[in-house]
Amino acid sequence: MTSSSIVPRLGEERTHSTMMAWRVHEFGSPDVMKFERVPRPEPGPGEVLVKVAAAGVGPWDGWIRSGKSALPQPLPLTLGSDISGEIVATGPGDTELRTGDQVFGVTNSRFIGAYAEYALASAGMVSSKPTSLSHVEAASVPVIAVTAWQALFDHAQLKAGQTVVIHGAAGNVGSYAVQLARQAGLQIVATASTGDISIVRNLGANTVIDYRTQRFEEEVRDADAVIDLVSGETQERSFQVLRRGGKLISAVSRPDQDLAKRYGVEAAFFLVDVTSQYLTKIARFIDGGKLRTNVGAVLPLADAREAHLMLERVRPQPKGRIVLDVGAR
(Lines give C-alpha, C1' and ligand atoms only; values in the text may rest on other atoms or scores of the structure.)
Protein backbone atom coordinates (compact mmCIF):
# COMPACT_ATOMS: atom_id res chain seq x y z
CA MET A 1 0.00 0.00 0.00
CA THR A 2 1.45 3.39 -0.97
CA SER A 3 1.42 6.36 1.37
CA SER A 4 -0.75 8.33 -1.09
CA SER A 5 -3.56 5.77 -0.75
CA ILE A 6 -3.64 6.31 3.02
CA VAL A 7 -4.12 10.08 2.89
CA PRO A 8 -7.83 10.14 1.94
CA ARG A 9 -8.56 7.60 4.67
CA LEU A 10 -6.92 9.78 7.30
CA GLY A 11 -9.02 12.70 6.04
CA GLU A 12 -12.15 10.58 6.23
CA GLU A 13 -11.26 9.47 9.73
CA ARG A 14 -10.88 13.08 10.85
CA THR A 15 -14.32 13.90 9.45
CA HIS A 16 -15.87 10.88 11.15
CA SER A 17 -14.20 11.56 14.49
CA THR A 18 -15.00 15.31 14.55
CA MET A 19 -18.07 17.45 14.00
CA MET A 20 -19.21 21.07 13.87
CA ALA A 21 -20.80 22.52 17.02
CA TRP A 22 -21.71 25.90 18.50
CA ARG A 23 -19.46 26.46 21.49
CA VAL A 24 -19.35 29.02 24.28
CA HIS A 25 -15.97 29.68 25.96
CA GLU A 26 -17.18 32.71 27.94
CA PHE A 27 -20.66 33.91 28.91
CA GLY A 28 -22.13 36.89 27.13
CA SER A 29 -24.10 38.15 24.12
CA PRO A 30 -24.63 36.07 20.94
CA ASP A 31 -21.18 37.35 19.84
CA VAL A 32 -19.52 34.83 22.21
CA MET A 33 -20.92 31.89 20.18
CA LYS A 34 -18.27 30.13 18.07
CA PHE A 35 -18.98 27.56 15.33
CA GLU A 36 -16.09 25.13 15.76
CA ARG A 37 -14.84 21.70 14.79
CA VAL A 38 -14.74 19.53 17.92
CA PRO A 39 -14.28 15.82 18.68
CA ARG A 40 -17.38 13.72 18.09
CA PRO A 41 -18.46 12.42 21.52
CA GLU A 42 -18.72 8.76 22.52
CA PRO A 43 -21.77 7.59 24.49
CA GLY A 44 -21.16 6.48 28.07
CA PRO A 45 -23.38 4.29 30.27
CA GLY A 46 -27.04 5.27 29.91
CA GLU A 47 -26.33 7.52 26.92
CA VAL A 48 -27.02 7.41 23.20
CA LEU A 49 -25.29 9.29 20.38
CA VAL A 50 -27.80 11.03 18.12
CA LYS A 51 -27.06 12.23 14.60
CA VAL A 52 -28.92 15.49 14.99
CA ALA A 53 -31.42 16.27 12.24
CA ALA A 54 -32.84 19.35 13.98
CA ALA A 55 -32.33 21.26 17.24
CA GLY A 56 -34.85 23.52 18.94
CA VAL A 57 -33.84 26.99 20.15
CA GLY A 58 -35.39 28.28 23.38
CA PRO A 59 -35.02 31.18 25.82
CA TRP A 60 -33.19 28.88 28.25
CA ASP A 61 -30.41 28.55 25.62
CA GLY A 62 -30.00 32.32 25.84
CA TRP A 63 -29.89 32.19 29.65
CA ILE A 64 -27.18 29.51 29.53
CA ARG A 65 -25.17 31.46 26.92
CA SER A 66 -25.32 34.66 28.98
CA GLY A 67 -24.44 32.96 32.30
CA LYS A 68 -27.94 33.22 33.83
CA SER A 69 -28.71 29.48 34.00
CA ALA A 70 -30.36 28.15 37.16
CA LEU A 71 -27.82 25.28 36.96
CA PRO A 72 -24.00 25.34 37.20
CA GLN A 73 -22.61 25.42 33.65
CA PRO A 74 -18.84 24.80 33.47
CA LEU A 75 -17.19 26.24 30.33
CA PRO A 76 -16.59 25.55 27.52
CA LEU A 77 -19.95 24.11 26.52
CA THR A 78 -22.03 23.35 23.44
CA LEU A 79 -25.39 25.11 23.43
CA GLY A 80 -28.83 23.57 22.96
CA SER A 81 -31.14 20.96 24.50
CA ASP A 82 -34.08 20.01 22.24
CA ILE A 83 -33.17 17.49 19.54
CA SER A 84 -34.67 15.22 16.93
CA GLY A 85 -32.59 12.74 14.96
CA GLU A 86 -31.33 9.18 14.60
CA ILE A 87 -29.44 7.10 17.14
CA VAL A 88 -26.08 6.08 15.66
CA ALA A 89 -24.47 4.53 18.78
CA THR A 90 -25.51 3.41 22.25
CA GLY A 91 -23.41 3.36 25.41
CA PRO A 92 -22.88 0.32 27.63
CA GLY A 93 -25.80 -0.82 29.80
CA ASP A 94 -29.43 -1.76 29.27
CA THR A 95 -31.56 0.55 27.17
CA GLU A 96 -34.58 -0.11 24.99
CA LEU A 97 -33.14 2.26 22.41
CA ARG A 98 -31.36 0.87 19.36
CA THR A 99 -29.11 2.17 16.60
CA GLY A 100 -31.32 3.45 13.78
CA ASP A 101 -34.18 4.57 16.07
CA GLN A 102 -35.68 7.96 15.20
CA VAL A 103 -35.95 9.86 18.46
CA PHE A 104 -36.78 13.27 19.93
CA GLY A 105 -36.23 14.74 23.35
CA VAL A 106 -33.64 16.56 25.42
CA THR A 107 -29.88 16.03 25.62
CA ASN A 108 -29.32 16.00 29.39
CA SER A 109 -30.24 17.64 32.69
CA ARG A 110 -27.86 20.57 32.00
CA PHE A 111 -29.73 21.34 28.74
CA ILE A 112 -26.56 21.53 26.64
CA GLY A 113 -25.00 19.80 23.63
CA ALA A 114 -27.68 19.99 20.91
CA TYR A 115 -26.40 22.65 18.48
CA ALA A 116 -24.10 20.15 16.79
CA GLU A 117 -23.98 17.52 14.07
CA TYR A 118 -23.98 14.82 16.77
CA ALA A 119 -25.23 15.03 20.36
CA LEU A 120 -25.03 12.82 23.40
CA ALA A 121 -28.42 12.29 25.03
CA SER A 122 -29.44 10.62 28.24
CA ALA A 123 -31.41 7.49 27.25
CA GLY A 124 -34.04 8.45 29.85
CA MET A 125 -34.66 11.86 28.23
CA VAL A 126 -35.50 10.79 24.65
CA SER A 127 -38.30 8.76 23.11
CA SER A 128 -39.52 7.63 19.69
CA LYS A 129 -40.20 10.63 17.45
CA PRO A 130 -43.87 11.24 16.63
CA THR A 131 -44.32 9.56 13.25
CA SER A 132 -46.58 12.35 11.98
CA LEU A 133 -43.89 15.02 12.43
CA SER A 134 -40.77 15.94 10.49
CA HIS A 135 -37.54 16.19 12.48
CA VAL A 136 -37.79 20.00 12.39
CA GLU A 137 -41.31 19.89 13.86
CA ALA A 138 -40.32 17.24 16.44
CA ALA A 139 -37.36 19.32 17.65
CA SER A 140 -39.76 22.17 18.44
CA VAL A 141 -41.73 20.09 20.95
CA PRO A 142 -39.90 18.56 23.95
CA VAL A 143 -39.17 21.21 26.59
CA ILE A 144 -42.23 23.38 25.99
CA ALA A 145 -44.80 20.59 25.68
CA VAL A 146 -43.53 18.76 28.78
CA THR A 147 -43.44 22.08 30.69
CA ALA A 148 -47.12 22.63 29.85
CA TRP A 149 -48.05 19.07 30.86
CA GLN A 150 -46.20 19.20 34.19
CA ALA A 151 -47.60 22.64 35.08
CA LEU A 152 -51.20 21.53 34.55
CA PHE A 153 -51.23 17.97 35.82
CA ASP A 154 -48.21 17.37 38.10
CA HIS A 155 -48.00 20.71 39.90
CA ALA A 156 -51.50 22.24 39.63
CA GLN A 157 -53.02 18.69 39.70
CA LEU A 158 -56.04 19.85 37.71
CA LYS A 159 -59.01 17.60 36.93
CA ALA A 160 -61.85 17.78 34.39
CA GLY A 161 -64.36 20.53 35.15
CA GLN A 162 -61.91 22.73 37.06
CA THR A 163 -61.01 26.26 35.96
CA VAL A 164 -57.48 27.27 34.98
CA VAL A 165 -56.12 30.70 34.04
CA ILE A 166 -53.26 30.48 31.54
CA HIS A 167 -51.10 33.58 31.13
CA GLY A 168 -49.09 33.95 27.92
CA ALA A 169 -51.48 31.55 26.20
CA ALA A 170 -50.27 32.40 22.69
CA GLY A 171 -46.64 31.70 23.59
CA ASN A 172 -44.76 28.47 22.99
CA VAL A 173 -45.56 26.83 26.34
CA GLY A 174 -48.94 28.55 26.61
CA SER A 175 -50.28 27.21 23.33
CA TYR A 176 -49.53 23.63 24.45
CA ALA A 177 -51.05 24.34 27.87
CA VAL A 178 -54.31 25.50 26.26
CA GLN A 179 -54.50 22.44 24.00
CA LEU A 180 -53.71 19.99 26.82
CA ALA A 181 -56.18 21.70 29.16
CA ARG A 182 -58.88 21.40 26.53
CA GLN A 183 -58.14 17.68 26.07
CA ALA A 184 -58.46 17.24 29.86
CA GLY A 185 -61.90 18.89 30.00
CA LEU A 186 -60.80 22.00 31.90
CA GLN A 187 -62.50 25.39 31.78
CA ILE A 188 -59.83 27.66 30.30
CA VAL A 189 -59.46 31.39 30.84
CA ALA A 190 -56.51 32.60 28.76
CA THR A 191 -54.75 35.95 28.55
CA ALA A 192 -53.25 37.11 25.25
CA SER A 193 -52.64 40.26 23.22
CA THR A 194 -55.23 41.65 20.81
CA GLY A 195 -53.70 40.06 17.72
CA ASP A 196 -53.58 36.58 19.27
CA ILE A 197 -57.13 36.29 20.63
CA SER A 198 -58.55 34.29 17.71
CA ILE A 199 -55.51 31.96 17.69
CA VAL A 200 -55.91 31.17 21.39
CA ARG A 201 -59.66 30.66 21.01
CA ASN A 202 -59.01 28.22 18.16
CA LEU A 203 -56.60 26.28 20.39
CA GLY A 204 -59.49 25.66 22.79
CA ALA A 205 -59.75 28.49 25.35
CA ASN A 206 -63.28 29.11 26.64
CA THR A 207 -62.59 32.75 27.51
CA VAL A 208 -59.77 34.92 26.15
CA ILE A 209 -58.91 38.18 27.92
CA ASP A 210 -56.98 40.89 26.05
CA TYR A 211 -54.37 41.84 28.64
CA ARG A 212 -53.75 45.15 26.89
CA THR A 213 -57.32 46.42 27.26
CA GLN A 214 -58.74 44.37 30.17
CA ARG A 215 -57.68 43.69 33.77
CA PHE A 216 -57.98 39.93 34.12
CA GLU A 217 -58.42 40.21 37.91
CA GLU A 218 -61.66 42.14 37.29
CA GLU A 219 -62.99 39.36 35.03
CA VAL A 220 -62.02 36.17 36.90
CA ARG A 221 -62.86 34.85 40.38
CA ASP A 222 -62.37 31.55 42.23
CA ALA A 223 -60.12 29.86 39.66
CA ASP A 224 -58.65 26.53 40.77
CA ALA A 225 -55.22 27.32 39.31
CA VAL A 226 -53.16 29.92 37.48
CA ILE A 227 -50.40 28.81 35.11
CA ASP A 228 -47.98 31.73 35.01
CA LEU A 229 -45.78 31.92 31.92
CA VAL A 230 -45.26 35.70 32.10
CA SER A 231 -43.95 36.64 35.59
CA GLY A 232 -43.69 40.21 36.96
CA GLU A 233 -46.82 42.13 37.92
CA THR A 234 -49.02 39.63 36.03
CA GLN A 235 -47.92 36.99 38.53
CA GLU A 236 -48.54 39.31 41.51
CA ARG A 237 -52.04 40.24 40.30
CA SER A 238 -52.87 36.57 39.78
CA PHE A 239 -53.22 35.71 43.48
CA GLN A 240 -56.56 37.51 43.72
CA VAL A 241 -58.26 35.42 41.00
CA LEU A 242 -57.71 32.12 42.86
CA ARG A 243 -60.11 30.43 45.25
CA ARG A 244 -58.76 29.72 48.73
CA GLY A 245 -56.63 26.58 48.46
CA GLY A 246 -56.02 27.24 44.74
CA LYS A 247 -52.60 26.99 43.15
CA LEU A 248 -50.37 29.44 41.32
CA ILE A 249 -47.78 27.54 39.30
CA SER A 250 -44.99 29.45 37.56
CA ALA A 251 -42.51 28.12 35.01
CA VAL A 252 -40.70 31.48 34.92
CA SER A 253 -40.06 32.90 38.41
CA ARG A 254 -40.51 32.18 42.13
CA PRO A 255 -43.86 33.49 43.45
CA ASP A 256 -44.08 35.67 46.56
CA GLN A 257 -44.80 33.33 49.50
CA ASP A 258 -46.10 36.19 51.69
CA LEU A 259 -48.76 36.95 49.07
CA ALA A 260 -49.59 33.24 48.86
CA LYS A 261 -50.18 33.13 52.65
CA ARG A 262 -52.28 36.30 52.54
CA TYR A 263 -54.59 34.85 49.89
CA GLY A 264 -54.61 31.33 51.35
CA VAL A 265 -53.22 29.68 48.21
CA GLU A 266 -50.24 27.53 47.22
CA ALA A 267 -47.64 29.11 44.96
CA ALA A 268 -44.69 27.30 43.39
CA PHE A 269 -42.01 27.64 40.74
CA PHE A 270 -40.75 24.52 38.95
CA LEU A 271 -38.04 23.49 36.52
CA VAL A 272 -39.21 21.10 33.83
CA ASP A 273 -38.16 17.45 34.15
CA VAL A 274 -38.16 15.95 30.65
CA THR A 275 -38.27 12.14 30.66
CA SER A 276 -39.05 9.43 28.11
CA GLN A 277 -42.40 8.75 29.80
CA TYR A 278 -43.64 12.31 29.28
CA LEU A 279 -42.31 12.42 25.72
CA THR A 280 -44.14 9.17 24.90
CA LYS A 281 -47.43 10.67 26.17
CA ILE A 282 -46.87 13.87 24.17
CA ALA A 283 -46.00 11.87 21.01
CA ARG A 284 -49.22 9.86 21.40
CA PHE A 285 -51.26 13.07 21.60
CA ILE A 286 -49.51 14.52 18.54
CA ASP A 287 -49.91 11.37 16.43
CA GLY A 288 -53.55 11.19 17.54
CA GLY A 289 -54.14 14.67 16.09
CA LYS A 290 -54.78 16.19 19.53
CA LEU A 291 -51.82 18.58 19.65
CA ARG A 292 -50.61 21.03 17.02
CA THR A 293 -46.99 22.14 16.83
CA ASN A 294 -45.93 25.64 15.85
CA VAL A 295 -42.57 26.22 14.16
CA GLY A 296 -41.97 29.93 13.69
CA ALA A 297 -38.57 30.02 11.96
CA VAL A 298 -36.19 27.43 10.52
CA LEU A 299 -32.50 28.26 10.11
CA PRO A 300 -29.50 26.12 9.11
CA LEU A 301 -27.17 25.07 11.95
CA ALA A 302 -24.55 27.54 10.71
CA ASP A 303 -26.99 30.41 11.50
CA ALA A 304 -27.46 29.61 15.21
CA ARG A 305 -26.08 33.01 16.20
CA GLU A 306 -28.84 34.60 14.11
CA ALA A 307 -31.36 32.49 16.06
CA HIS A 308 -29.98 33.94 19.31
CA LEU A 309 -30.33 37.47 17.92
CA MET A 310 -34.03 36.59 17.47
CA LEU A 311 -34.18 35.39 21.11
CA GLU A 312 -32.68 38.75 22.16
CA ARG A 313 -35.16 40.60 19.89
CA VAL A 314 -32.26 42.21 18.02
CA ARG A 315 -33.89 40.52 15.00
CA PRO A 316 -37.69 40.12 14.72
CA GLN A 317 -38.83 37.30 17.00
CA PRO A 318 -41.10 34.80 15.23
CA LYS A 319 -44.35 33.46 16.67
CA GLY A 320 -43.61 29.82 17.30
CA ARG A 321 -40.38 27.94 17.97
CA ILE A 322 -37.08 28.70 16.30
CA VAL A 323 -35.51 25.46 15.00
CA LEU A 324 -32.08 24.75 13.53
CA ASP A 325 -32.21 22.38 10.56
CA VAL A 326 -28.88 20.58 10.99
CA GLY A 327 -29.07 18.91 7.59
CA ALA A 328 -29.56 22.25 5.79
CA ARG A 329 -26.62 24.11 4.34
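Worth saying up front: this structure is predicted, and the values here are computed from it rather than measured. Here the residue numbers are simple positions, counted from 1 along each chain's written sequence. This being a predicted model, a pLDDT of at least 70 is required before a residue's local features are given, and a value of 80 or more before pairs of side-chain atoms are given or counted; all residues contribute to the totals for chains, interfaces and linings. Only hydrogens and water are removed before side-chain values are computed, so all heavy atoms of the structure are retained for them.

Caption draft 1: Summary view of the nonpolar core. By convention a nonpolar core is built from buried Ala, Val, Leu, Ile, Met, Phe, Trp, Tyr and Cys residues, the set being connected through side-chain atoms within 4.5 Å. Note on classification: 1.4 Å probe, protein chains only; a residue is buried when its accessible area is under 20% of the maximum for its type, exposed when over 50%, partly exposed between these limits. Counting residues in hydrophobic clusters, the biggest one holds 82 residues, and the most contacted among them are Tyr115, Leu152, Val164, Ile166 and Ile227. Sorting elements by how many residues they give to this core places helix H4 (residues 142-155) first, with eight residues. Beyond its immediate chain neighbours, meaning those up to four positions away, Ile166 contacts Gly174, Ala177, Val178, Ala181, Ile188, Val189, Ala190, Thr191, Ile227 and Leu229. Counting residues in each nonpolar core, the second largest holds 15 residues, with Val220, Ala260, Val265 and Ala267 among its members. Numbering of helices and strands starts at the N terminus; helices are DSSP runs of H or I of at least 4 residues and strands are runs of E of at least 2. Whether two residues are in contact is decided by their heavy atoms, any of which lying within 4.5 Å being enough.

Caption draft 2: Structural detail: the packing of H4 against helix H10 (residues 276-287). Close contact between H4 and H10 brings their axes to 10 Å; oriented N to C, the two are set at 100°. When the axis of H4 is compared with that of H10, the two are roughly perpendicular. Judged by residue contacts, Pro142, Ala145, Val146, Trp149, Gln150 and Asp154 of H4 engage Tyr278, Leu279, Lys281, Ile282 and Phe285 from H10. Residues are grouped as follows: Ala, Val, Leu, Ile, Met, Phe, Trp, Tyr, Cys and Pro are nonpolar; Asp, Glu, Lys and Arg are charged; all remaining types, including Gly, are polar. Of the residues assigned to the contact of H4 with H10, the class counts are eight nonpolar, one polar and two charged. Each axis is a line fitted through C-alpha atoms, taken for helices only over the stretch in contact, and angles between the N-to-C directions span 0 to 180 degrees. When describing relative orientation, an angle under 35 degrees is termed roughly parallel and one over 145 degrees roughly antiparallel, while 65 to 115 degrees is termed roughly perpendicular and anything else oblique.

Caption draft 3: Quick look at the sheet that holds strand S4 (residues 77-78). One open sheet holds the three strands; their spatial order is S2-S1-S4, and the pairing between them is antiparallel. Each of the sheet's edge strands pairs with one partner strand only, and the pair in question is strand S2 (33-39) and S4. Against the sheet, helix H11 (residues 304-311) engages strand S1 (18-24) and S2, with an angle of about 140° to S2. Strand pairing is assigned whenever DSSP identifies at least 2 bridges connecting the two strands.

Caption draft 4: Local environment of the environment of Arg284. Its place among the elements puts Arg284 in helix H10. You can call Arg284 exposed: its relative accessible area is 58%. Spatially, the C-alpha atoms of Arg284 and Thr131 are 9.5 Å apart, while their sequence positions differ by 153 residues.

Caption draft 5: Expanded view of the packing of aromatic side chains. Only centres within 6.5 Å qualify two rings of Phe, Tyr or Trp (six-membered ring in Trp) as a pair; their planes then separate them into stacked at under 30 degrees, edge-to-face at over 60, and tilted for everything else. What the rule picks out here adds up to four aromatic pairs. A ring pair is formed by Trp149 and Phe285, whose centres lie 5.6 Å apart and whose planes are at 85°; its orientation type is edge-to-face. Pair noted here: Trp149 is in helix H4 and Phe285 is in helix H10, with a separation of 136 residues, a long-range link. Under the relative-accessibility criterion, Phe285 is labelled partly exposed at 21%. Taking the centre distance of 6.2 Å and the plane angle of 20° together, the rings of Phe239 and Tyr263 count as stacked. Taken together, the positions of Phe239 in the loop between helix H8 (232-238) and strand S13 (242-250) and Tyr263 in helix H9 (residues 257-263) put the pair 24 residues apart, joining distant regions of the chain. Each member of the aromatic cluster is reached from another via a ring pair, and the members are Trp149, Phe153 and Phe285. Whether a charge lies above a ring is judged from NZ of Lys or CZ of Arg, which has to be within 6 Å of the ring centre and within 35 degrees of the ring normal. A cation sits over an aromatic face here: Arg40 above Tyr118, 4.1 Å from the ring centre.

Caption draft 6: A look at the pairing of strand S5 (residues 82-90). Pairing between strand S3 (residues 47-57) and S5: seven bridges, direction antiparallel. Its bridge partner being in S5, Ala54 is matched across the sheet by Ser84. Bridging between S5 and strand S6 (residues 102-106) involves five bridges; their strand directions are antiparallel. Among the inter-strand pairings, Gly85 is bridged to a residue of S6, identified as Val103.

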